[in-house]
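A closer look at the structure
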There are 6 protein chains.
Amino acid sequence: MPEVIVYALSGRTREQKRRLMKAITDVVAEHFAVPAAGIVVQIVEADRESKSKGGTAYADMPGPK
Amino acid sequence: MPEVIVYALSGRTREQKRRLMKAITDVVAEHFAVPAAGIVVQIVEADRESKSKGGTAYADMPGPK
Amino acid sequence: MPEVIVYALSGRTREQKRRLMKAITDVVAEHFAVPAAGIVVQIVEADRESKSKGGTAYADMPGPK
Amino acid sequence: MPEVIVYALSGRTREQKRRLMKAITDVVAEHFAVPAAGIVVQIVEADRESKSKGGTAYADMPGPK
Amino acid sequence: MPEVIVYALSGRTREQKRRLMKAITDVVAEHFAVPAAGIVVQIVEADRESKSKGGTAYADMPGPK
Amino acid sequence: MPEVIVYALSGRTREQKRRLMKAITDVVAEHFAVPAAGIVVQIVEADRESKSKGGTAYADMPGPK
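Residues numbered from 1 in each chain as written. Chains lettered and ligands numbered in written order. Predicted model: local features only at pLDDT ≥ 70, side-chain atom pairs only at ≥ 80, totals over all residues. Heavy atoms only, no water.

Where an unreviewed UniProt entry is consulted, chain A appears under the name Tautomerase family protein, with the organism given as Luteimonas galliterrae.

This paragraph deals with the overall build of chain A. Scanning chain A for helices and strands turns up one helix and four strands. When the elements of chain A are put in sequence order from the N terminus, they spell out β-α-β-β-β. By the compact-globule yardstick of 11 Å for 65 residues, chain A is too spread out, its C-alpha radius of gyration being 15 Å. Principal axes of the C-alpha set define a box for chain A whose edges measure 40 × 25 × 15 Å. Within chain A, counting contacts between residues at least 6 apart in sequence, those at least 24 apart form 62% of the total. Accessible surface computed for chain A: about 2400 Å², of which carbon and sulfur atoms make up 56%. Measuring between centres, the 10 positive side-chain charges of chain A sit 5 Å from its 8 negative side-chain charges. (Helix = DSSP H or I, 4+ residues; strand = E, 2+ residues; numbered from the N terminus. Rg over C-alpha atoms; globule rule 2.2 N^0.38 Å. Contact = heavy atoms within 4.5 Å. Areas by Shrake-Rupley, 256 points an atom, 1.4 Å probe, with all protein chains shown as cover. Lys, Arg positive; Asp, Glu negative; His and termini not counted. Charge placed at Lys NZ, Arg CZ, Asp CG, Glu CD.)

With an RMSD of 0.0 Å, the fit of chain F onto chain A corresponds to turning through 180 degrees and sliding 0.0 Å along the axis. Each copy turns onto its partner about a two-fold axis. Of the C-alpha atoms belonging to chain F, the one lying closest to the rotation axis is found on I5(F), 2.6 Å away. Of all interface residues in chain F, 100% are interface residues in chain A too; the two copies therefore contact each other through one and the same surface. (Least-squares fit on C-alpha atoms with pLDDT ≥ 70 in both.)

Tallying the contact residues gives 26 residues for chain F and 26 residues for chain A. Around 2300 Å² of area is buried between chain F and chain A when both sides are counted, 69% of it from carbon and sulfur atoms. Contact with chain A buries surface across chain F, with M1(F), H31(F) and F32(F) losing the most and accounting together for 30% of the total. Here E3(A) and K51(F) are joined by a salt bridge, their closest N and O atoms 2.5 Å apart. At the junction of chain F and chain A, the tally comes to nine residue pairs in polar contact (both at pLDDT 80 or more). Counting residues per element, the ones that place at least two in the side of chain F that touches chain A are β1 (3-9), α1 (14-31) and β3 (51-53) of chain F. Looking at the side of chain F that touches chain A element by element, the count peaks at nine residues for α1(F). Tallied by class, the residues present in the side of chain F that touches chain A amount to 17 nonpolar, three polar and six charged. Bridging between strand β1 (residues 3-9) of chain A and β1(F) involves five bridges; their strand directions are antiparallel. Bridge pairing in β1(F) links E3(A) to Y7(F). (Buried area = accessible area lost by both parts, 1.4 Å probe. Salt bridge = Lys/Arg side-chain N within 4 Å of Asp/Glu carboxyl O. Polar contact = N/O pair within 3.5 Å; in protein donor to acceptor, adjacent residues only side chain to side chain. Nonpolar A, V, L, I, M, F, W, Y, C, P; charged D, E, K, R; others polar. Pairing = 2+ DSSP bridges.)

With that settled, consider the environment of M21(A). Residue position: M21(A) is located in helix α1 (residues 14-32). Judged by relative accessible area, which is 0%, M21(A) ranks as buried. Not counting residues up to four positions away in its chain, the partners in contact with M21(A) are V41(A), I43(A), E49(D), S50(D), K51(D), S52(D), G55(D) and A57(D). (Buried < 20%, exposed > 50% of the residue type's maximum accessible area, 1.4 Å probe, protein only.)

Turning next to the side chain of K51(F). Position of K51(F) relative to the elements: it lies in strand β3. Side chain to side chain, K51(F) and E3(A) meet in a polar contact 2.5 Å long.

Counted according to the given criterion, the structure contains 48 salt bridges over all chains. Measuring nitrogen to oxygen at the nearest pair gives 2.7 Å for the salt bridge that ties R19(C) to E15(C). Of the two residues, R19(C) and E15(C) both sit in helix α1 (residues 14-32), four residues apart, roughly one turn of that helix. For R19(C), a relative accessible area of 48% gives the class partly exposed. Salt-bridge contacts for K22(D) lead to D26(D); the nearest nitrogen and oxygen are separated by 2.8 Å.

Feature annotation in UniProt assigns "domain: 4-oxalocrotonate tautomerase-like" (unreviewed entry) to the following positions: residues 2-49 of chain A. Secondary structure across residues 2-49 of chain A divides into 40% helix and 29% strand, with the first and last C-alpha atoms of the span separated by 30 Å. (UniProt positions renumbered as here; feature names shortened; annotations may be inferred.)

Below, the discussion takes up the packing of helix α1 (residues 14-32) of chain B against α1(C). Contact geometry of α1(B) with α1(C) gives a least axis separation of 9 Å together with a crossing angle of 165 degrees. Regarding the angle of α1(B) to α1(C), the classification is roughly antiparallel. In the packing of α1(B) onto α1(C), the handedness of the crossing is right-handed. Listed contacts from α1(C) to Q16(B), K17(B), R19(B), L20(B), A23(B), I24(B), V27(B), V28(B), H31(B) and F32(B) of α1(B) are Q16(C), K17(C), R19(C), L20(C), A23(C), I24(C), V27(C), V28(C), H31(C) and F32(C). Classifying every residue of the contact of α1(B) with α1(C) gives twelve nonpolar, four polar and four charged. (Axes fitted to C-alpha atoms, helices over the stretch in contact; angles between N-to-C directions. Parallel < 35°, antiparallel > 145°, perpendicular 65-115°, else oblique. Left-handed = near helix turned anticlockwise from the far one by under 90°.)

This part covers the sheet that holds β1(F). Spatially, the eight strands line up as an open sheet ordered β4(C)-β3(C)-β2(F)-β1(F)-β1(A)-β2(A)-β3(D)-β4(D), and their pairing is mixed. Each of the sheet's edge strands pairs with one partner strand only, and the pair in question is β4 (56-57) of chain C together with β4 (56-57) of chain D. Relative to strand β2 (residues 40-46) of chain A, α1(A) is tilted by about 135 degrees, and along the sheet it contacts β1 and β2 of chain A, β3 (51-53) and β4 of chain D together with β1 and β2 (40-46) of chain F. The strands touched by α1(F) within the sheet are β3 (51-53) and β4 of chain C together with β1 and β2 of chain F, with β2(F) carrying the most contacts at an inclination of about 135 degrees.

Set out below in structure tokens:
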């Protein structure tokens, strides 16, 4: 506790995810004054067809697929 | 802002998802009076083994798999 | 099914929420070809101290509180 | 209603998921005094690279992968 | 781990919530073969104006408010 | 994008929440290589009766209420 859910596009590397989850755990432990051991982070990934911003699917946005 | 998470069975087409995310964005912008540009929609899909209604997995329900 | 969770700042009127939930239900039923009767929408509200964009709490942003 | 989201590591069998969703539905119906028919459960799975506890990705923990 | 989020209308008693969270923990431990000690349950409540089914806010449905 | 939801017990100060949301935004921007401006964090709080660990409601655990 707490539990942190990160909603993001799929495609990050294992290392990026590893570092992000460690960093989120550290800042939650620091600022909410709880032991890191109980903090859970889960990254809920979506492909570019299943996520949109401003009404446009990421799959339909210019730039790398 | 706001962020909209849609929990649904997997299997929709790209076009269905595209239209749904656009339509959700439009109605949120309209009814919550916020700019569409900041509205995010993510569809969190589950396969039929990982979702149930009334205690029955969708995989165990009659009808198309 | 599906279930739609809307993460938003608190402060909308009852009427705004009523219309948004109806409109989201309608577009989900239309685009995902499911009966409206089974669609659930829940608005998960946060006060301005508990939500941020770009690293700034909404409570710390200029404009109406 | 209600809707129950279970955030878990992927890798459970179909039978485990089937039983869990039935059991969750039963206890929600019992303790919240609602008809089971309207209760939805969705299991949101993450691979071991996308979930951490105590700042360590499950992929980096000793034990079966 | 796992983490279970229950989206429900507000209004349940402390005792109902206590029993539900215990029961959910027990069935998750049993069926997913994990220690109960690590299982977290959070009930995310909404008032009747902020939740709908079939496009109708619960606040607008007949029956007890 | 991404969007980060933090499920936590209520009771943190405004300053704790402000710092946590800023810190989460910074580490997400750094490790997922995205502009901070688009990152949203929402803290979804539960009172001690509505959250449990190991099957015990936080309201029933010894220690400060």
